Amino acid sequence: MMGERANNAGVWLFSAVVFALCFAVVAGAWLALCGRIGAVGIAVALIAALMGIMATHIAQQWEKVVVLRLGKFDRVSGPGLFWTIPIIEQNVMRVDGRTRVTTFGAEETLTSDLVPLNVNAVLFWMVWDAKAACTEVNDFTRAVELAAQTALRDAIGRANVAEVAIRRQQLDRELKKALEEKCADWGITVLSVEVRDILLPKELHDAMSLEAQAEQRRKARIILMEGEQDVADMLDGIGRVYEGNDEALRLRAMHLLYESVRETGGTVVMPSSFSEGFGDVLGDSMKDALKKAHS
């Protein structure tokens, strides 16, 4: 979007104003001293105006300007208005200090199990030391892009296809660490690396789908066996509780019978001799009631 891009129209306008002002001042002074302006006066005014715009500069809020004096590093200026000595000092580079976004990728890169992958990623970075970015590397933007591609290929080559496809966050961290070590000497900070797309060969889609299904079945069976083991342990504990306590076991049987009838709303028909099984746990009144009910 053009409206969101920075423009330097104000800087050019400032330079034009400085040029016109210097020319007017020198021409007016020449006219006051000599009474007229000839070719020499115009030439002197032009040279002074050129010197004025060479000495006066403006850097935007996000810019840092590297200044060399007779070919040697002198300082980093900006943002805002700053001055240089014409001819002796030069502005060799304006460095943008904002966060930058670089897309990079690795095509048909072999994993450790010899599977070719296409991987695309995004790198967020910024320049924190304009001096190092200017003096330590020729084209730091291109250098960062190539370093990111190399680090991505190395990371893919050390892992198998399953690790690359599943462990994206680990791959992001490995790339960020590798780039930080590489770019630190260039005055560049790596903010984050995010892997966007991992494209597998079409012939591997079905094989990996079957592998994933088999893994899910294995996990389901393990969970089922663990549940059965827990149930067996609980039944073993319950058996030890009822061991040697026939009265409690019979009361439990009566409770289960009651629950089954209550939940289903049905009727249980039992022989009259069934009541004799509860003789040890039922009182005389309950025994008589059961006998009358079955007579």
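Note that the coordinates shown come from a computational prediction; the quantities given were computed from them, not determined experimentally.

Describe the sheet that holds strand S5 (residues 89-96), naming the residues involved and giving the relevant values.
The strand order across the open sheet formed by 3 strands is S3-S2-S5, and the pairing between neighbours is antiparallel. Both outer strands of the open sheet, strand S3 (72-77) and S5, are each paired with one neighbouring strand and no more. Neighbour-to-neighbour, the strand axes of this sheet turn through a mean angle of 25 degrees, independent of strand direction. Pairing of strand S2 (residues 63-69) with S3 involves 5 bridges; the strand directions are antiparallel. Counterpart to arginine 69 in the pairing with S3 is lysine 72.

Account for the side chain of threonine 109, naming residues and giving values.
Relative to the elements of secondary structure, threonine 109 occurs in strand S6 (residues 100-110). Within polar-contact distance, the side chain of threonine 109 engages the side chain of arginine 153 at 3.1 Å. If sequence neighbours within four positions are ignored, threonine 109 has contacts with Val115, Pro116, Leu117, Arg153 and Ile156.

Lay out the packing of helix H1 (residues 9-34) against helix H2 (residues 39-55) with the relevant residues and their values.
Two elements in contact, H1 and H2, have axes separated by 8 Å at closest approach and are oriented at 145 degrees. H1 and H2 meet at a crossing whose hand is right-handed. Contacts between H1 and H2 involve Ser15, Val18, Phe19, Cys22, Phe23, Val26, Ala27 and Trp30 from the former and Val40, Gly41, Ile42, Val44, Ala45, Leu46, Ala48, Ala49, Leu50, Gly52 and Ile53 from the latter. Class assignment of the residues belonging to the contact of H1 with H2 gives a composition of 16 nonpolar, 3 polar and no charged.

Any details on the environment of alanine 178? Residues and values, ideally.
Residue placement: alanine 178 occurs in helix H6 (residues 168-183). It is 9.8 Å that separates the C-alpha atoms of alanine 178 and threonine 150, two residues lying 28 residues apart in sequence.

Tell me about the packing of aromatic side chains, and name the residues and values.
In this structure the tally under the stated criterion is 1 aromatic pair. Taking 6.2 Å as the distance between ring centres and 80 degrees as the angle between the ring planes, the aromatic pair formed by tryptophan 125 and phenylalanine 140 counts as edge-to-face. One end of the pair, tryptophan 125, is in strand S7 (residues 116-127); the other, phenylalanine 140, is in helix H4 (residues 140-158), and 15 residues separate them in sequence. In terms of burial, tryptophan 125 and phenylalanine 140 fall into one category: buried.

If you had to explain the nonpolar core to someone new, which residues and values would you point to?
Core analysis: the largest hydrophobic core is formed by 38 residues, its most contacted members being Leu117, Leu123, Phe140, Leu175, Leu179 and Ile188. In terms of residues, this core owes the most to one element, H4, which gives 9 residues. With sequence-adjacent residues up to four places away left out, phenylalanine 140 is seen in contact with Met93, Val95, Arg100, Trp125, Val127, Ala133 and Ile188.

Report on the pattern of salt bridges, specifying residues and quantitative values.
In total, this model carries 10 salt bridges according to the counting rule given. One salt bridge in this structure joins aspartate 74 and arginine 69, with 3.9 Å as the shortest N-O distance. For aspartate 74, a relative accessible area of 31% gives the class partly exposed. Of the residues examined, arginine 69 reaches a relative accessible area of 36% and is grouped as partly exposed. A salt bridge links arginine 75 to aspartate 74, with the shortest nitrogen-to-oxygen separation between them at 2.6 Å.

Would you mind going over unusual backbone geometry in detail, with residue names and values included?
Backbone torsion omega between glycine 78 and proline 79 reads 0 degrees, so that peptide bond is classified as cis. Secondary-structure assignment places proline 79 in the loop between S3 and strand S4 (80-83). A positive phi angle, close to 55 degrees, is found at leucine 70, a residue other than glycine. Within the secondary structure layout, leucine 70 lies in the loop between S2 and S3.

Account for the sheet that holds S7, with residues named and values stated.
Reading across the sheet, the 3 strands line up as S6-S7-S8 and stay open at both edges, with antiparallel pairing between neighbours. Pairing within the sheet leaves two strands with one partner each, and these edge strands are S6 and strand S8 (188-199). Strand-to-strand twist of the sheet, defined as the mean angle between neighbouring strand axes without regard to direction, takes the value 25 degrees. Where S7 and S8 come together, 10 bridges link them in antiparallel fashion. By the bridge assignment, alanine 121 is partnered in S8 with valine 195. Across the face of the sheet, H4 comes into contact with S6, S7 and S8 while running at roughly 40 degrees to S6. Where H6 meets the sheet, its contacts fall on S7 and S8, and the angle it forms with S8 comes to roughly 145 degrees.

Calculation rules
- Residues numbered from 1 in each chain as written.
- Predicted model: local features only at pLDDT ≥ 70, side-chain atom pairs only at ≥ 80, totals over all residues.
- Heavy atoms only, no water.
- Pairing = 2+ DSSP bridges.
- Helix = DSSP H or I, 4+ residues; strand = E, 2+ residues; numbered from the N terminus.
- Axes fitted to C-alpha atoms, helices over the stretch in contact; angles between N-to-C directions.
- Polar contact = N/O pair within 3.5 Å; in protein donor to acceptor, adjacent residues only side chain to side chain.
- Contact = heavy atoms within 4.5 Å.
- Left-handed = near helix turned anticlockwise from the far one by under 90°.
- Nonpolar A, V, L, I, M, F, W, Y, C, P; charged D, E, K, R; others polar.
- Phe/Tyr/Trp six-rings, centres within 6.5 Å; stacked < 30°, edge-to-face > 60°.
- Buried < 20%, exposed > 50% of the residue type's maximum accessible area, 1.4 Å probe, protein only.
- Core = buried A, V, L, I, M, F, W, Y, C linked by side-chain atoms within 4.5 Å.
- Salt bridge = Lys/Arg side-chain N within 4 Å of Asp/Glu carboxyl O.

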